[in-house]
Each structure stands twice: as structure tokens, then as C-alpha cells.
Amino acid sequence: MNQPPNPSAPDGAILHDEIVGPGKPWSRVIRTGEVLRLVDLEGTQAVDFLCYNADNPVERYNAGDTMKVSGKLFLTKDTRIMSGLGRVMFTVIADSCGFHDTIAGCCSGESNRLRYGLWPTPNCRDNFLEGLKPFGLGMRDIVANINFFMYVPVGADGAMAIADGKSKAGDYVDLRAEMDVLAVVSNCPQMNNPANGYNLTPIRATVWRPN
Ligand SMILES: [Zn+2]
């Protein structure tokens, strides 16, 4: 069963602890063995996520391989987040939500214009670009991403859509780095579909080194 929300205190030295405001980006290198906890503080807040080998960024998150290795569309506890070079980047060591999307990708200005007729709009791809820039990475480095706390069910007929989020206030996911990883987060600013419950809220990002 999933664990209840509101996680126990980190079991080690806290290296970083930050509230990421509604619609904002965040990025940091997580060293091997460190744990990154993302908390959906108020519930139904999508957190778009990319990761790269910090020493060799051409090695990066691979959605298809992550799904094939886990045999699931949704990330949850014990899922190994895979690179395209067949290595584990993060292991999901705790998860109170159970539904983290691997297929719907991030919102962009162009997709918002296409789908909703709006231009310009705040969007996750711009946030990714902002988070990547300090590390010398950019548009060519953006691939299919994870959406923590976002629910995208797929029907037997292949129908899919962003559905009402299932995350509750305090839901969290703990990711243990299995290599030195650059993690890039967009606290999604989307207001035109149910990804964020039509209410943008803060998240918390905590990094610690376990005892
Ligand atoms: Zn978004």
C-alpha cells in the first residue's frame, strides 16, 4: 500500500531545503546516494521533471526504457528511473501518491497555443530552459519528461487525457540518486487543464545524505 502523506523527517544531513513557488523552476545536482524529496504541499500540483548524468549530460532520462524496465506506465515505489544508456539514475524509494505520469510530456507555449488558443503563456518548457541554462544545456537537451503528481490514465482503446490529479496535500516522492544527477524541475504553471486543479501551489524540494 502507499504510505500516508506527510513524510517522516529525513534520516541524515539536510543539504538543501527549499519551497519552490507556484509556476517556478528549480534545478540542482544530486550526488550519488543523496535523496531528493518532492512534496506536493497542497495537493494536485504537477511537477515536471528531467534528469541528466551530471558528468555526461548526453546520458539522460529515457521514458520508454523506464516504462519497459518497470513494466508500468506510472512511476511509484521501487521504480527505477532509467537513462538511455541502460543505467539507473534514480530509484523511487518512497511514494505516497502512486500515480506519476511518464507519457504526457511538458506544456510549452506552442502546445498551449495549439490546444487552448492562448499566446503567450507561462509553461514548463520555458521553466526547463531556465533550469538548464546554468548548466550549459538548452532546447536540444529537452526530452520526454516525468510528471510527478500528474494523473494520465490510458484506456484499453488507447484513449488518454490529463485527468484530475490524485495527489493530496502532503503527498511526496523520495528519489535516491544512483549516479551524480542533474535534476531539473518545473512546478507546472498550467491553468488550462486539470493537471494542477486550476490552482497553482508551491512544492517543497529537500535533499539529504542518509546516515
Ligand atoms: Zn506544465
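Fair warning: this is a prediction, and the values are worked out from it, not measured in the lab. Note on numbering: residues in each chain are counted from 1, in written sequence order. Per-residue local features of the predicted model are confined to residues with pLDDT of at least 70, and side-chain atom pairs are confined, for both listing and counting, to 80 or more; whole-chain, interface and lining totals are unaffected and use all residues. To obtain the side-chain values, all non-hydrogen atoms of the structure were included, while hydrogens and water were left out.

## Structural notes on the nonpolar core
Membership of the largest hydrophobic core comes to 30 residues, with the highest contact counts inside it found for Leu 36, Leu 38, Phe 49, Ile 81, Phe 90, Phe 148 and Leu 175. A contact between two residues is defined here by any heavy atoms of the two lying within 4.5 Å. Look past the residues within four positions of Phe 148 in its chain and what remains in contact with it is Leu 38, Gln 45, Ala 46, Val 47, Phe 49, Leu 75, Ile 81, His 100, Val 173 and Leu 175. The definition of a nonpolar core used throughout is a set of buried Ala, Val, Leu, Ile, Met, Phe, Trp, Tyr and Cys residues joined through side-chain atoms within 4.5 Å. Residue burial is assigned from relative accessible area. The probe radius is 1.4 Å, only protein chains are included, and a residue is buried under 20% of its type maximum, exposed over 50%, and partly exposed in between. In terms of nonpolar packing, the next biggest core, distinct from the first, is built from 8 residues, Leu 50, Phe 128, Leu 132 and Leu 182 among them.

## Concerning the pairing of strand β9 (residues 181-187)
For β9, the tally of buried residues reaches 7 of 7 residues, placing the bulk of the element in the interior. Burial of β9 is two-sided: the residues Val 181, Ala 183, Val 185 and Asn 187 facing one way and the residues Leu 182, Val 184 and Ser 186 facing the other way are all buried. By this definition, two strands are paired if DSSP reports at least two bridges between them. Strands are runs of DSSP state E lasting at least 2 residues, helices are runs of H or I lasting at least 4, and numbering of each runs from the N terminus. Inspection of the sheet shows strand β2 (residues 25-30) paired to β9 by 6 bridges, in the antiparallel sense. Counted as the bridge partner of Pro 25 is Ser 186 from β9. The pairing of strand β4 (residues 47-53) with β9 spans 7 bridges and is antiparallel. Paired with Tyr 52 across the two strands is Leu 182, which belongs to β9.

Interpretation in functional terms is not warranted from these geometric data alone.
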